[in-house]
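Here are the chains, one letter per residue:
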Amino acid sequence: MHKFILLFVLICSSIVSSQNEQLAQHYYERGEFEKALLSYQELLKTHSLNGPYFIRLIDCYQQLQQFEKAESKLLESIAKNKYANLYVELGYNYQLQKNQEKADLNYKIAIEKIKENPSNVYGIASSFEKKVLLDYALQAYQTAISLDPKYKFNYQMAQVYGQMGKQDMMIEKYLDEMYENPQNSVMVQNQLTRFMNDEAGDSFNEMLRKALLVKVQKNQDLFWNQMLSWFFVQQKEYGKAFIQEKAIYKREPDSFSNIVNLAELAIEENENEIAGEILSFILENTQDLDLQIFAQEYLMRIKIEKAQKTDYSKIESELELLLKQYGVSPYSLALQRLQAEFSAFYQNNPEKGKLVLQKAMELPLNKFQLAEAKMELADILLYEEKFNQALLYYSQIEEDLKNDVLGHEASLKAAKTSYFKADFDWALTQLKVLKSASTQLIANDALELFLLINDNTVADSTRTALKKFSKGDFYLYQNKNQEALTQFQQILKDHKGEEIEDETILRIGQTYQELTDYNNALLFYQQIIDNHPESIYRDEALFFSAEIYNKHLNQPEKAKPLYEAVLFNHQDSIHFVEARKNFRQLRGDSNL
């Protein structure tokens, strides 16, 4: 019975103590230091050795300018507990009183305590950092290292140098930390990325690039090539990253997966030229069947994207040859899907496309492969305006792969199908869920379509213009660009000044850009820039115009102010990072 009573008393005591701590912290954070002081005094009666409580107590005295009481408590604690870091607290108490001589004296005593016992560095250096006494913090770390080389404080010293604005020394220490402790590489890379993405990151990026190049030149360890490759990937300089990856591969052939990952990144970023180089390298250096088919598929996709209609028969032959080479099997499903897509969407032969996929679905496919084949078949059925049949297949994929990216993709395509057939209410219902999808690309696309439908429903309850607009979008889906242009231009005539106007102008610009009619594309983008300053599509008009001048018309001086406008006026744009990278390159700030 006595044990139960004792246990009950202990539990109650613990609850009361926790409540008192929360109350003390509440007062402290609100700046009610007199109340906080009383609370911490009460807590220390039962927790006399609690360091954080004691430091808060001292800070309360200092905030109330009761420096003599703080000094008395510190001296008492130093005499009793011998905690070396308290000399930092005592020194800071003198510093607050403008007595720098006594402050420095105690800071030096703290450093001497490290010499007596190097393990004191942890508490002392931390105290210096909290007081933003950065020179002393560095001195504390350096003292411990000089006494015992087993102490490694590269990461901590890098952070101190960063606070001091000494970015060159910060970089050096971060790189040393990664090299000596590779398990911490991700943590350090996250820190470096923060500086690389900062608005004033140009000079930092150049410093980091030079530091890595020096490491590569002085040290033959492949770690530095890997880091340089990582750096170039962050800058989206995939060609330069590829140079480093090839150098690594020559010495370590087992590192081939990094080259495959780099190819996938380049493909995702639509960097087709360098993607083609990497894929060709993969084909030349692998016997792995899956990798070969992966490379062949995307090389053909790049070729199709560049092709004119006169090239289609040649591409058809090449696809047939590839399928003969690799055989019609589950392994070559990606090539079969590409053949079906090419037949339907480029050669306007959906029957052939469906036949290819129906034969593919008879193969012993796993559930993911079957879903991919069904998805392609549904896409073709949608192309044929067989909306309900397409929705049936998309729904099957959603049901079979609920928590997979493919399932989410099928959900988005089902929502777009409802949009194309002007079933806007059902589309909105699906898109509401997809806006929070774990896959960012799907979530962004869902949000964009949701806003398009919702905004134009609010502006026009009859959705007259929206129905015409969805018809134009469906023409684009079918690769009927001229029909789409006619549809959108008619909307501009019929619905001038309405909510749909700026979206329609953007679509016309995008369609002309797709047709490589860059002058007309620029004219329509300029209409948004000049006449729709509040449009949510203004950042896209600026960015797309800049891309045309920069990458297609070779007029970089016209591209620069457009990129700059995105940087200064549209920091939340999805094109912000790419605009910044391209602007920096054109401005010539760094040789990235």
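Residues numbered from 1 in each chain as written. Predicted model: local features only at pLDDT ≥ 70, side-chain atom pairs only at ≥ 80, totals over all residues. Heavy atoms only, no water.

Q: An account of the packing of aromatic side chains is requested, with residue identities and associated values reported.
A: Taken as a whole and judged by the stated rule, the model has 36 aromatic pairs. Among the aromatic residues, ring-to-ring pairing joins Phe-345, Tyr-383, Phe-387, Tyr-419, Phe-420, Phe-424, Phe-474 and Tyr-477 into one connected group. The ring of Tyr-28 has Arg-56 lying over it, and the distance from NZ or CZ to the ring centre is 4.0 Å. For the cation-ring pair, Lys-150 lies above Tyr-151, with the distance from its terminal atom to the ring centre recorded as 5.6 Å. (Phe/Tyr/Trp six-rings, centres within 6.5 Å; stacked < 30°, edge-to-face > 60°. Lys NZ or Arg CZ within 6 Å of the ring centre and 35° of its normal.)

Q: Residue-level account of the nonpolar core, with values.
A: By size, the foremost hydrophobic cluster in this structure holds 93 residues, and its most contacted members are Tyr-40, Phe-128, Leu-279 and Ile-282. In terms of residue count, helix 13 (residues 222-234) provides more of this core than any other element does, 8 residues in total. With residues near it in sequence (within four places) discarded, Ile-282 still touches Phe-256, Ile-259, Val-260, Ala-263, Leu-291, Phe-294 and Ala-295. Grouped together as the second largest cluster of nonpolar side chains are 76 residues, Phe-345, Tyr-518, Ala-546 and Phe-576 included. (Core = buried A, V, L, I, M, F, W, Y, C linked by side-chain atoms within 4.5 Å. Buried < 20%, exposed > 50% of the residue type's maximum accessible area, 1.4 Å probe, protein only. Helix = DSSP H or I, 4+ residues; strand = E, 2+ residues; numbered from the N terminus. Contact = heavy atoms within 4.5 Å.)

Q: Describe the packing of helix 13 against helix 14 (residues 238-251), and please don't skip the residues or the numbers.
A: Where helix 13 contacts helix 14, the two axes come as close as 8 Å, and the packing angle between them is 160 degrees. By the angle between their directions, the pair helix 13 and helix 14 is classed as roughly antiparallel. As for the relative orientation of helix 13 and helix 14, their crossing is left-handed in sense. The segment helix 13 lies against helix 14, with Leu-222, Asn-225, Gln-226, Leu-228, Ser-229, Phe-232 and Val-233 engaging Tyr-238, Lys-240, Ala-241, Gln-244, Glu-245, Ala-247, Ile-248 and Arg-251. For the contact of helix 13 with helix 14, a count of residues per class yields 8 nonpolar, 4 polar and 3 charged. (Axes fitted to C-alpha atoms, helices over the stretch in contact; angles between N-to-C directions. Parallel < 35°, antiparallel > 145°, perpendicular 65-115°, else oblique. Left-handed = near helix turned anticlockwise from the far one by under 90°. Nonpolar A, V, L, I, M, F, W, Y, C, P; charged D, E, K, R; others polar.)

Q: Tell me about the side chain of Asn-456, and please be specific about residues and values.
A: As for its position among the elements, Asn-456 is in helix 25 (residues 440-459). For Asn-456, the side chain forms a polar contact with the main-chain nitrogen of Ile-500, separated by 3.4 Å. Setting aside residues up to four positions removed in sequence, Asn-456 forms contacts with Leu-451, Leu-466, Glu-499, Ile-500 and Glu-503. (Polar contact = N/O pair within 3.5 Å; in protein donor to acceptor, adjacent residues only side chain to side chain.)

Q: For unusual backbone geometry, give the residues involved together with the corresponding values.
A: Trans is the prevailing form of peptide bonds, just as negative phi is the prevailing case for residues other than glycine. Of note in this structure, Glu-385 is not a glycine but carries a positive phi near 65 degrees. Assignment of secondary structure puts Glu-385 in the loop between helix 21 (367-383) and helix 22 (387-400). Given a relative accessible area of 38%, Glu-385 falls into the partly exposed group. Of note in the backbone geometry, Thr-516 takes a positive phi value of approximately 60 degrees without being a glycine.

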